[in-house]
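# Breakdown of the fold
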Amino acid sequence: MSEFIETKGLKKVYQVGDQRVEALKGVDLEITQGDFAVFMGHSGSGKTTLVSAIGGLTRPTEGTVLIEGNDIWKLNDRQLSNFRNRKIGFMFQSFSLLPTLNVLNNVVMPTIFSNSSRKKNADELKTKAISLLADLEMQRKVYSFPSELSGGEQRRVAIARALINDPEIILADEPTGELDIRTEREVIDIFSHINETYKKTLIVVSHSLTWLEKAKTIIVMKDGLMFKDVEDPVEAIMEGVCKQ
Amino acid sequence: MIISLFRLAYQNLQMKHLRFYIILISVSIVIGALFASSLLILGIQHSLDKGLSKLGADLLVIPKDSLVNMKSALLTGEPSAFYTDSAVLDKIRALKGVKKVSGQIFLTSATGECCVLGNSFLIGFDPSDDFTVMPWVDKKINNSFPADGAIIGSMTPWELGDIVRFYGVPLTVWGKLERTGIGLYDNAVFFNIQKAREMSDHSQSDKSIKPLANLNGKISGALVQLDVGAKIPFITFSILKENPELKAITTGNIATSARQTTVAVFSGIIALIVILVLSNILMINGIYSAVVNERKRELGIIRAIGATRPAIFKLIIYEALLTSVMSGFVGMLIGGSLLKIFQRSIVFYLRLLNIPFMLPPGEIIGLLAGGAILVALLMGISGSAYPAFVAVRIDPHETMKQGL
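Residues numbered from 1 in each chain as written. Chains lettered and ligands numbered in written order. Predicted model: local features only at pLDDT ≥ 70, side-chain atom pairs only at ≥ 80, totals over all residues. Heavy atoms only, no water.

Each side of the interface is counted separately: chain B has 28 residues, and chain A has 34 residues. When chain B packs against chain A, close to 2800 Å² is buried across both sides, 67% of that on carbon and sulfur atoms. Between the two partners, chain B and chain A, sit two salt bridges. The partner of Asp77(A) in a salt bridge is Arg303(B), with the nearest N and O atoms 2.5 Å apart. The interface formed by chain B and chain A contains nine residue pairs in polar contact (both at pLDDT 80 or more). When contributions to the side of chain B that touches chain A are tallied by element, the ones reaching two or more residues are helix H1 (5-13), helix H9 (296-304), helix H10 (309-341) and helix H13 (396-401) of chain B. With six residues, the single largest contributor to the side of chain B that touches chain A is H9(B). Class assignment of the residues belonging to the side of chain B that touches chain A gives a composition of 15 nonpolar, seven polar and six charged. (Contact = heavy atoms within 4.5 Å. Buried area = accessible area lost by both parts, 1.4 Å probe. Salt bridge = Lys/Arg side-chain N within 4 Å of Asp/Glu carboxyl O. Polar contact = N/O pair within 3.5 Å; in protein donor to acceptor, adjacent residues only side chain to side chain. Helix = DSSP H or I, 4+ residues; strand = E, 2+ residues; numbered from the N terminus. Nonpolar A, V, L, I, M, F, W, Y, C, P; charged D, E, K, R; others polar.)

Here we take up unusual backbone geometry. A positive phi is found at Glu68(A), a non-glycine position, where the angle reads about 50°. Topologically, Glu68(A) is positioned in the loop between strand E4 (62-67) and strand E5 (70-71). At Tyr167(B), a residue that is not glycine, the phi angle is positive and equals roughly 50°. Within the secondary structure, Tyr167(B) is located in the loop between strand E7 (163-166) and strand E8 (169-177).

Before going further, it helps to spend a moment on the pattern of salt bridges. Residue and element names in this part refer to chain A. Evaluated as defined, the whole model comprises 17 salt bridges over all chains. Between Glu 137 and Arg 156 there is a salt bridge, and its shortest N-O distance comes to 4.0 Å. With Glu 137 in the loop between helix H5 (122-135) and helix H6 (151-163) and Arg 156 in helix H6, the pair connects residues that are 19 residues apart, well separated along the chain. Classification of Glu 137 as exposed rests on a relative accessible area of 62%. By relative accessible area, Arg 156 is classed as buried at 12%. Across the salt bridge formed by Arg 156 and Glu 186, the nearest N and O atoms sit 3.0 Å from each other. With Arg 156 in helix H6 and Glu 186 in helix H7 (residues 181-198), this residue pair connects regions lying 30 residues apart in the sequence. Residues participating in the shared-partner salt-bridge network are Glu 68, Lys 87 and Glu 168. (Buried < 20%, exposed > 50% of the residue type's maximum accessible area, 1.4 Å probe, protein only.)

Structure representation (structure tokens):
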């Protein structure tokens, strides 16, 4: 496996009124292709900011984000949008499906912004979307609307949407937040399945320790700093809790 | 159907029905009012143009003092009461570049006499040099215009063969003009210029009616047709140089003047529509600002999954355009239908104001409809442009931080 994602001296400073908040304090990170990396840590530890910087959503104050050796923050808005569209499949915590669109249209929505995908005809797109939904056991809900789906089903649709443009990276921020234990396990199994079957690089941000069972790489975030390959991540996280 | 940016915009409209209908109703009213009033104004102008084109003349030469009244006469059908010597006809004929000259006498019809229409425009013309009346006769008894014959406008109450009497002079209705929509023609009665002079003589002797001016050797004006290539300004200059008591006006000038009069009549309505358009733009702006604010989360997600800034801008603009175009069509339907339903009443009231009206031709109505849709489009774009700029600036990272 080759180095795929790399951050060097990544810093992010927010100015909140008169206060200067350092969300990231110089993060050096390497993630290999096909990895299943889970970022853990408490609220405000910098997980989401780090993942946003990797995903081209928030510009770092300092440092670089290299994807396959290319600094994504040197791209202009159009190139960066195209990068997000083609290279990354995003999955957000909840309510990320558009309520006016049915499941099928929610899944194919990213293709609206992907010129190459639009060259495919509608039938091809539909077939691909239905195939993805079938793989996620959602084939019977293709024409349902988000309001008619359970929390777990909504997550499956969001996963299918993240996969529709065949991205190399899936970036998920709290994908199992607000789910019960059983549904959470189902979603984690799906992620594991995606990692193994589709060979996608997964980057997941979560508070839940259940992810540790399937993760290949565990990264603990604390006060804007990153700790990789910690011997006992649970203890590391718990220690953070105790200190806080 | 697979989603597209345009379809996404359409689907979004279905989320907030109330807002959609508020914009739809409000913009429809504006577009309906704009379409209907434009149709009215153009209808009036079309009537004038059609009527003026039937003059067949390049210049109208009249006594200086009757200029204002002449414009009024052409617009409203009210006659003029200024005359000049008929000798000017030969002087004008002699000018280089003049092809035809036809003298006419305009009279006011006497009221209170049997079978006389109070507001008729009585016009004496010379059939021997006429080129403005005879070519436009729609119906006629035979091919020979008799010495006591009359040609009536389409809005006069008589039929072919009827005997009409003006200032004691009987005339037989020989022909009828097709409808023009212009008062000058539609309410007019044309007859031999000699009969006009007979009427003048009779009015002097009959004490029961208001006497006309002595019209022997007089005309109200001359219609002048120029040779091909002759320059109107040069001919006008030549006429006025030799006849300083006259005024020469082009039919184009009359049309412009008439248009200005029409626009003046409708200026209040136009001003109101402009205010309504501006207030609707502000309303659309307010509604779409709220829409963007409420949908920050959704727009952030769309941006995160690869939408460029222009795509987000287009998404908001498309929504506003769809609403405003739909409103444009509904407005035109309402405005057009109301105009059709109340056409008779509107025409009646316009006639009370002595304003002619005929629906303009289909292609003009088509252009007007296109213009109304364009106004609706511009309202949509103007109203939603600022909210769209706000939407473009939404930070997708913020939406992630907010737990979306």
